[in-house]
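Each chain, written out:
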Amino acid sequence: MASKFQAPRGTFDVLPEQARARGRLEQAAAAVFSRAGYEPIATPAFEDTALFERGVGKSTDIVRKEMFTFEDKGERSLTLRPEGTASICRAYLEHGMHKLAQPVKLSYLGPFFRHERPQAGRYRQFHQLGAECIGTDSPLADAEVIMLLSDLLAELGVPGVELRLGSLGSFEARRAYLEDLKAHLHAHEGELSKDVRERIDINPLRAFDSDDEGTRGVMASAPTIVEQLEGEDAEHFEEVRALLDAAGVAYAVDPTLVRGLDYYTRTIFSFVCDRLGAQSEVGGGGRYDGLIEQLGGKPTPAVGFAAGIERILLALDEEVPAAGRDAFIAVADPELRGRAMALAVELRHAGVSAELDLAGRSLKGQLKHADRIGARRVLILEADGSAQVRDMTTGEQHAADPGKLVEEMTGGES
Ligand code: HAM
């Protein structure tokens, strides 16, 4: 029964058999967040376009090429959110969260949208889970959010994960460094890819991300900001590293690490997984001490991360079996369907998962269906008012008191 309609390019349906692994992941994330005091927050799926232009940065690929932007009927420009941090900072300001005890620790999970070229692990609608710790510049906060993601990946059993750590320094330090980097790139312009060459003065850091062979050669001898870190920036980076060392979290310092968003300052990090192809990053983030001010608030340091739910699921590549049902209620006579329904409801209220036939099957058909949906026991309501209980794993069957079927199923605790 094919339809001419399909899910739009780069999007996908989450079918029940996939929803189970996803549900397990979401529950594990909620538990990790809650144990560390990261309260859930939800923001709208779309925002004013200007929020992302301002927050994510006009020179980024996300803003230049990847946003789903549309005009509403009031001619306002809106954009499906490509990421969550700008929205959360907007909410922090809009709801006066700076008046709360700082830092404010928030967590989230939901759909995000980027108009990227679809491939395994890269979609146009995808899902992220993330955490933001707003209102402190302590390296403890950097270490805490890194450990949240590291704990979650370990708890889920994601194999082959490596943590890469870098620092971009403060905005001022970065400005000085960027001048050095631009000079290096200009000196080797002829060897760079067209894309990198055109953006030397707009976004030189992205040259570190290039796949182009010539560009990679130039970047191998480029100055890195990590080796230029000084004063408080250097101290901050060292403290984050010491905290991770003390907690036994393994990482590799990667001086060439850059990220696709403009708001980062100081710490940046990336969790990559060797079981994924080209889209190997399961999650990442960093500190963004200037973002809230950029959005009109007072200077407010913050740090956070987001992880791609689909990428974690791809890396896990696991099938979570269906839970099955505790009971299926079969009727020997169609007249008994009303009783079967009442019993199913009573069982469900008692915490027992129970189903009944909704399709008018014969008794034989009902037993077959019970087996197919993985029912552990079938309660058979007989035409003479008696009842039978059949254990579907052993095949054992016995007569039961028709007035005490709930007790029978709950072990007498009802
Ligand atoms: P991001 O690196 O752009 O950071 O995205 C975070 C994660 O989302 C990536 O590591 C990846 O797993 C997943 N992801 C991104 N794009 C796609 C896509 N098209 N398809 C599937 N998965 C994708 C941020 O979004 C920042 N807001 C992270 C952050 C929070 N920084 C500070 N706080």
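Read on for a plain summary of the structure. (Residues numbered from 1 in each chain as written. Predicted model: local features only at pLDDT ≥ 70, side-chain atom pairs only at ≥ 80, totals over all residues. Heavy atoms only, no water.)

1. Re the sheet that holds strand β1 (residues 39-40)
Right, on to step 1. Pairing is mixed across the open sheet formed by eight strands, whose spatial order is β1-β5-β6-β11-β10-β9-β7-β8. Two strands lie at the open edges of the sheet, namely β1 and β8 (252-253), each paired on one side alone.
Right, on to step 2. Looking at chain direction, β1 and strand β5 (residues 104-113) are connected through two bridges and run parallel. Across the sheet, Pro 40 pairs through a bridge with Ser 107, a residue of β5. (Pairing = 2+ DSSP bridges. Helix = DSSP H or I, 4+ residues; strand = E, 2+ residues; numbered from the N terminus.)

2. Re the environment of Arg 199
Right, on to step 1. Looking at the secondary structure, you find Arg 199 in the loop between α7 (194-198) and α8 (213-220).
Right, on to step 2. Separated by 104 residues in the primary sequence, Arg 199 and His 95 place their C-alpha atoms 37 Å from one another.
Right, on to step 3. Excluding residues that lie within four positions of it along the chain, Arg 199 makes contacts with Ser 59, Asp 61, Arg 64, Pro 204 and Arg 206.
Right, on to step 4. Separated by 3.2 Å, the side chain of Arg 199 and the backbone oxygen of Ser 59 make a polar contact. (Contact = heavy atoms within 4.5 Å. Polar contact = N/O pair within 3.5 Å; in protein donor to acceptor, adjacent residues only side chain to side chain.)

3. Things to note about the site of the ligand
Right, on to step 1. Close contacts around the ligand come from 27 residues, with Glu 83, Glu 116, Arg 259, Tyr 264 and Glu 281 the closest.
Right, on to step 2. Tyr 264 is positioned such that a nitrogen or oxygen atom in its side chain is 2.6 Å from a nitrogen atom of the ligand.
Right, on to step 3. Where the shell around the ligand is concerned, the elements lending two or more residues are β6 (125-134), β10 (281-287) and β11 (302-308).
Right, on to step 4. At six residues, β10 tops the list of elements feeding residues into the shell around the ligand.
Right, on to step 5. Classifying every residue of the shell around the ligand by side-chain character gives 10 nonpolar, nine polar and eight charged. (Near = heavy atom within 4 Å. Nonpolar A, V, L, I, M, F, W, Y, C, P; charged D, E, K, R; others polar.)

4. Considerations on the side chain of Ser 210
Right, on to step 1. If you trace the backbone, Ser 210 turns up in the loop between α7 and α8.
Right, on to step 2. Accessibility expressed as a relative area gives 12% for Ser 210, which makes it buried.
Right, on to step 3. At 3.0 Å, the side chain of Ser 210 forms a polar contact with the backbone nitrogen of Asp 212.
Right, on to step 4. Apart from the residues lying within four places of it in its own chain, the contact partners of Ser 210 are Ser 193, Val 196, Thr 215 and Arg 216. (Buried < 20%, exposed > 50% of the residue type's maximum accessible area, 1.4 Å probe, protein only.)

5. Points about the packing of helix α1 (residues 16-35) against helix α11 (residues 309-316)
Right, on to step 1. At a closest axis distance of 11 Å, the pairing of α1 and α11 adopts a crossing angle of 115°. Put simply, α1 runs roughly perpendicular to α11. Pair α1 / α11 crosses with right-handed handedness. Between α1 and α11, the contacting residues are Ala 21, Arg 22, Arg 24 and Leu 25 on the first element and Ile 309, Glu 310, Ile 312, Leu 313 and Leu 316 on the second. (Axes fitted to C-alpha atoms, helices over the stretch in contact; angles between N-to-C directions. Parallel < 35°, antiparallel > 145°, perpendicular 65-115°, else oblique. Left-handed = near helix turned anticlockwise from the far one by under 90°.)

6. Digging into helix α12 (residues 337-349)
Right, on to step 1. In this model, α12 (13 residues) spans 18 Å end to end at C-alpha, consistent with the 18 Å of a helix rising 1.5 Å per residue.
Right, on to step 2. Buried within α12 are the following residues: Ala 340, Leu 343, Ala 344 and Leu 347. Viewed along the axis of α12, the buried residues span an arc of 105°, placing them on a single side of the element. Those residues of α12 that are exposed and aimed more than 90 degrees away from the buried face are Gly 338 and His 349.
Right, on to step 3. Each element contacted by the buried residues of α12 is listed here: β12 (325-331), β13 (354-356), β14 (375-381) and α14 (405-410).
Right, on to step 4. Positive phi appears at Gly 351, one or two residues downstream of α12, with a value of about 90°. (Expected span 1.5 Å × (residues − 1). Arc of directions from axis to C-beta.)

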